[in-house]
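Examination of the molecular architecture
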Amino acid sequence: MDQNGAVVGPLYLFELASSQARYLELRQQTIATNVANANTPGFKARDVEPFNKVLDTMPVRLATTSPSHMQLSAAETDTRATAKKDSWEVVHSGNSVSLEQEMIKGNDVNRDYSMNAAVVRSFHRMLLSSAKT
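Criteria and cut-off values
Residues numbered from 1 in each chain as written. Predicted model: local features only at pLDDT ≥ 70, side-chain atom pairs only at ≥ 80, totals over all residues. Heavy atoms only, no water. Helix = DSSP H or I, 4+ residues; strand = E, 2+ residues; numbered from the N terminus. Buried < 20%, exposed > 50% of the residue type's maximum accessible area, 1.4 Å probe, protein only. Axes fitted to C-alpha atoms, helices over the stretch in contact; angles between N-to-C directions. Parallel < 35°, antiparallel > 145°, perpendicular 65-115°, else oblique. Left-handed = near helix turned anticlockwise from the far one by under 90°. Polar contact = N/O pair within 3.5 Å; in protein donor to acceptor, adjacent residues only side chain to side chain.

**Concerning the environment of serine 18**
- Within the secondary structure layout, serine 18 lies in helix H1 (residues 13-36).
- For serine 18, a relative accessible area of 32% corresponds to the partly exposed category.
- On a C-alpha basis, the gap between serine 18 and asparagine 116 in space is 8.9 Å, while along the polypeptide they are 98 residues apart.

**Side note on the packing of H1 against helix H4 (residues 99-132)**
- It is the contact of H1 with H4, at a shortest axis distance of 10 Å, that shows an interaxial angle of 160°. Taken as axis vectors, H1 and H4 run roughly antiparallel relative to one another. Here the hand of the crossing between H1 and H4 comes out left-handed.

**Describing the side chain of asparagine 95**
- Within the element layout of this structure, asparagine 95 appears in the loop between helix H3 (74-77) and H4.
- Classification of asparagine 95 by relative accessible area gives buried; the value is 3%.
- Reaching out from asparagine 95, the side chain makes a polar contact with the backbone oxygen of asparagine 37 at a distance of 3.0 Å.
- Within the structure, the side chain of asparagine 95 is placed 2.7 Å from the backbone nitrogen of valine 97, a separation counted as a polar contact.

This is the structure we're talking about:
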């Protein structure tokens, strides 16, 4: 219960961060496989679905704990604008791995993981400071 006597629900941030970390691990493995097969004839570069598509399959609603909270429409909260892109080039051997594109994806994974870890650290510090008081 909080100070007003309302029941406080479970904290899903850590579960969400853990899910994203597993997703980023899978994406990094996929990128590594693409790079390892950069010279394999006929190898097609692969990628995993964007994490926001994974989230779209989970029914998560914003909690309205006060009558003054505003409801957002689905159009205002839609983050599915990311489109799947083809590889930049396909060589005569049928291989579609672009090392430049894979390095950009790897950098995206690194950035997303760093942000995920920073959010978890901040949330953890906030929980610890609230537990001390």
